[in-house]
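# Descriptive structure summary
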Amino acid sequence: YKVPDVDKYKALFTKALSIKYENEVGSTYRITSVVYEILSELTRDVGFTANLKDNRILESAEYMRQNFWDPELSIENLAMQASVSPAYYRREFNRVYGTSPKDYLDTLRIQYAKSLLETGYFSQKEISWRCGYTDVGYFRTVFKRKMEKSIREYLADSTRYTY
């Protein structure tokens, strides 16, 4: 067992807090990214992974978090980067994260889409493009499946709580 570097985690938490206080467009996603970075560092420091292939899956998930907006991002490409077959990649990703890589990617994209929607600055088409979806209709379908409400319903609910 290796003792984690406390200063590294302090710096990461400070980074998350400074993003919160900036309160800019997409800050929620940026904070989430820092939290994932903290979890990734903890995983490396404490050594939760069992083998090299697990590390490849973790690295692949980190790549996904940093590049979710890329419409060319595919499970096949991620599997190839991890040097495993797509079927093995899906199975191991599900084992490590408890969800499919596709569902994980959609969750990242929809979380970012929510932060963009709440600003009121972007059209649904532009948001879908910024989140890695090339088809706004498909974006709306995924949003409704993940949020269990349409974009219109989501925005109507979220405006009730603004001051």
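See the structure printed just above.
A brief structural summary. All values derive from a computational prediction rather than experimental measurement.

Time to look at the overall build of the protein. Check the secondary structure of the protein and you find nine helices and zero strands. Listed by position from the N terminus, the elements making up the protein come as α-α-α-α-α-α-α-α-α. Evaluated residue by residue, the protein yields a buried proportion of 36% over its 163 residues. Summarising the internal contacts of the protein: among those between residues at least 6 apart in sequence, 57% fall at separations of at least 24. For the protein, the exposed surface amounts to about 10,200 Å²; the carbon and sulfur share of it is 54%.

The phi angle at Ser83 is positive, at roughly 60°, despite the residue not being glycine. Mapping Ser83 onto the fold places it in the loop between helix H4 (75–81) and helix H5 (86–97). In the Ramachandran plot, Glu148 falls in the positive-phi region, its phi being about 60° despite a non-glycine side chain. By secondary structure assignment, the location of Glu148 is in the loop between helix H8 (136–147) and helix H9 (151–159). Using a relative accessible area of 73% as the deciding quantity, one classes Glu148 as exposed.

So, about the packing of helix H6 (residues 101–119) against H8. It is the contact of H6 with H8, at a shortest axis distance of 10 Å, that shows an interaxial angle of 100°. When the axis of H6 is compared with that of H8, the two are roughly perpendicular. Residues Lys102, Asp103, Asp106, Thr107, Ile110, Ala113, Lys114 and Leu117 of H6 touch H8, and the partners they reach there are Tyr138, Phe139, Val142, Phe143, Arg145, Lys146 and Met147. In terms of residue class, the contact of H6 with H8 is built from eight nonpolar, one polar and six charged.

It is worth spelling out the packing of aromatic side chains at this point. The tally for this structure, following the rule as stated, stands at 13 aromatic pairs. Between Tyr29 and Tyr112, the ring centres sit 5.3 Å apart and the planes meet at 65°, which makes this aromatic pair edge-to-face. Of the two residues, Tyr29 is situated in helix H2 (residues 27–46) and Tyr112 in helix H6; the sequence distance between them amounts to 83 residues. This pair shows no difference in class: Tyr29 is buried, exactly as Tyr112 is. Taken together, Tyr36, Tyr89, Phe93, Tyr97 and Tyr104 form an aromatic cluster joined through their ring pairs.

Another aspect to go through is the environment of Ile19. Position of Ile19 relative to the elements: it lies in helix H1 (residues 6–22). When the C-alpha atoms of Ile19 and Tyr29 are compared, they prove to be 9.9 Å apart, with ten residues separating the residues in sequence. If sequence neighbours within four positions are ignored, Ile19 has contacts with Ser27, Arg30, Ile31 and Val34.

Thresholds, definitions, all that
- Residues numbered from 1 in each chain as written.
- Predicted model: local features only at pLDDT ≥ 70, side-chain atom pairs only at ≥ 80, totals over all residues.
- Heavy atoms only, no water.
- Helix = DSSP H or I, 4+ residues; strand = E, 2+ residues; numbered from the N terminus.
- Buried < 20%, exposed > 50% of the residue type's maximum accessible area, 1.4 Å probe, protein only.
- Contact = heavy atoms within 4.5 Å.
- Areas by Shrake-Rupley, 256 points an atom, 1.4 Å probe, with all protein chains shown as cover.
- Axes fitted to C-alpha atoms, helices over the stretch in contact; angles between N-to-C directions.
- Parallel < 35°, antiparallel > 145°, perpendicular 65-115°, else oblique.
- Nonpolar A, V, L, I, M, F, W, Y, C, P; charged D, E, K, R; others polar.
- Phe/Tyr/Trp six-rings, centres within 6.5 Å; stacked < 30°, edge-to-face > 60°.

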